[in-house]
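# A structural walkthrough
Here's the letter readout for the chains.
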Amino acid sequence: MNGLHLIGDLGGCRCDPQLLLDGKRFEAVCLDLVRASGLTVMDARFHQFEGSGFTGAVVLAESHLAIHTWPETKSLTLDVYVCNFSADNSAKARKLFEQIIEHFEPAEVARHEIDRGEHLLMEPLNDSTGFYIKAGRQIGEWQTKYQKLQVYDTPHYGRIFRLDGYNMTSEREEFVYHENLIHPALSAHAAPKKVLIVGGGDGGSSEEALKHPSVEQVTMCEIDEDVVKIAKEHFFAVHRGAFDNPKLRVLIGDGMKFIRETHERFDLIALDLNDPVGPAEALYSAEFFQQCRHALAPGGALVLHIGAPVARPERVAELAQRLNGIFRIVRPYTMYIPLYGAQWAMAVCSDKLDPKSLTADEIDRRIEARKLQDLRFYNGETHEGVFALPNFIRDLVNPPRLKQQARGRRLGVVRAAAK
């Protein structure tokens, strides 16, 4: 059965001591908290021990809640279980659990989360759409200094790596994202030598960049060392031993600080990051893009993902406009990424390098000359194809001046044909 079991041992409760003694009083509070969380009360039974604490149980339509108090030690145990068979009640259960903890004001809390049965991994694309992936089991969950990491085993994608509840990479389809992030820009460069990847702690982007024989060093700057640790342990199929390659330099630290302070210059800077929300938002600022531009070698390029054009058109448009204000050449491109459940947009940005100027035959010749191996997505035709934008995406990413130029060229063609 698919469900979430939350268990808590609370000690050193600093609340009014009477709260641990009076079961009837807490029963009324508890039922209010259950309803406020969105869960459904079916029945409740609380037993008061004479001169001591109480034990209680609330039967929920979604399953149950149980509590037992020890006033003499200012402690209690708490047990909340919800079934997630027909709907995901996990957020409601966690809300209830935290509100009860807050009610008793413990000095110490030992928490345990147990996921039971199959998991529906929800992936929101925006506030009203999304999709799910069914997972057979959770391999592990870790709360780091920066984020919550989860690893699940799924029948369709193999192991999936999730950060703060969002899909990041998987064993069986990671090549779609990683090959498209790295190869269109790196293949367009005549002889790339130095690559910087900001983020990318799973190692997939580094593994792709290291396929190019002219690359002498790949620097990965990842802020969360636990991402690298978990990738090494669980995602060999993604990094394929890249962490053991002497050309890879792994730096654990703030990528913004590194780019701001470095005197190195890179032929490619790849931002392999979370979406631009929360702490990651600063990594998509005009100021940071300008710092990236300064850290590029002559002819170098910046590459990053800019979001889902259908689900987040405003984000794609805003980031494209921001990049166009900094770089002379900005080439957005799109592909469907299965793990993200959407058409996704990326962009190559440079003052000199234009990946769209290379033909399919030229890219295929470079792939052959560089002996690029194990490419499951990228080839000359896909290189041309990802840069072929539908009209609605052109309208999102083209700044007004480029639209005016394109309109002028079209009018010129029409007028010439009329003559």
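Residues numbered from 1 in each chain as written. Predicted model: local features only at pLDDT ≥ 70, side-chain atom pairs only at ≥ 80, totals over all residues. Heavy atoms only, no water.

### Comments concerning empty space enclosed by the protein
- Enumeration according to the criterion identifies one cavity of 30 Å³ or more in this entry.
- Estimated volume of the largest cavity: approximately 30 Å³.
- Taken together, M168, T169, E173, E174, Y177, H178, I337, L339 and Y340 make up the full set of residues lining the largest cavity.
- A per-class count over the lining of the largest cavity returns five nonpolar, two polar and two charged. (1 Å grid on protein atoms, 1.4 Å probe; cavity = no way out; pocket = protein on both sides within 12 Å on 5 of 7 lines; lining within 4 Å. Points joined across faces, edges and corners; volume = space filled by probe spheres on them. Nonpolar A, V, L, I, M, F, W, Y, C, P; charged D, E, K, R; others polar.)

### Brief notes about the packing of aromatic side chains
- Scanning the model with the defined rule gives nine aromatic pairs in all.
- Considering the side-chain rings of F26 and F104, the 5.1 Å spacing of their centres and the 45° angle between planes classify their relative orientation as tilted. Placement of F26 in helix 2 (residues 23-37) and of F104 in helix 3 (residues 90-104) is noted, with a sequence separation of 78 residues between them. Each member of the pair, F26 as well as F104, is classed as buried.
- An aromatic cluster is present here, built from F26, F46, F54 and F104 joined pairwise through their rings.
- One cation-aromatic arrangement involves K194 over F266; the distance from NZ or CZ to the ring centre is 5.3 Å. (Phe/Tyr/Trp six-rings, centres within 6.5 Å; stacked < 30°, edge-to-face > 60°. Helix = DSSP H or I, 4+ residues; strand = E, 2+ residues; numbered from the N terminus. Buried < 20%, exposed > 50% of the residue type's maximum accessible area, 1.4 Å probe, protein only. Lys NZ or Arg CZ within 6 Å of the ring centre and 35° of its normal.)

### Observations regarding a negative patch on the surface
- Together, D361, E362, D364, E368, E381 and E384 make up a negatively charged patch on the protein surface.
- Counting residues per element, the ones that place at least two in the negative patch are helix 11 (360-369) and helix 12 (380-386).
- At four residues, helix 11 tops the list of elements feeding residues into the negative patch.
- Given the relative accessible area of 51%, D361 is considered exposed. (Patch = residues over 30% accessible without salt bridge, like charges linked within 9 Å, V, L, I, M, F, W, Y side chains within 5 Å. Areas by Shrake-Rupley, 256 points an atom, 1.4 Å probe, with all protein chains shown as cover. Salt bridge = Lys/Arg side-chain N within 4 Å of Asp/Glu carboxyl O. Lys, Arg positive; Asp, Glu negative; His and termini not counted. Charge placed at Lys NZ, Arg CZ, Asp CG, Glu CD.)

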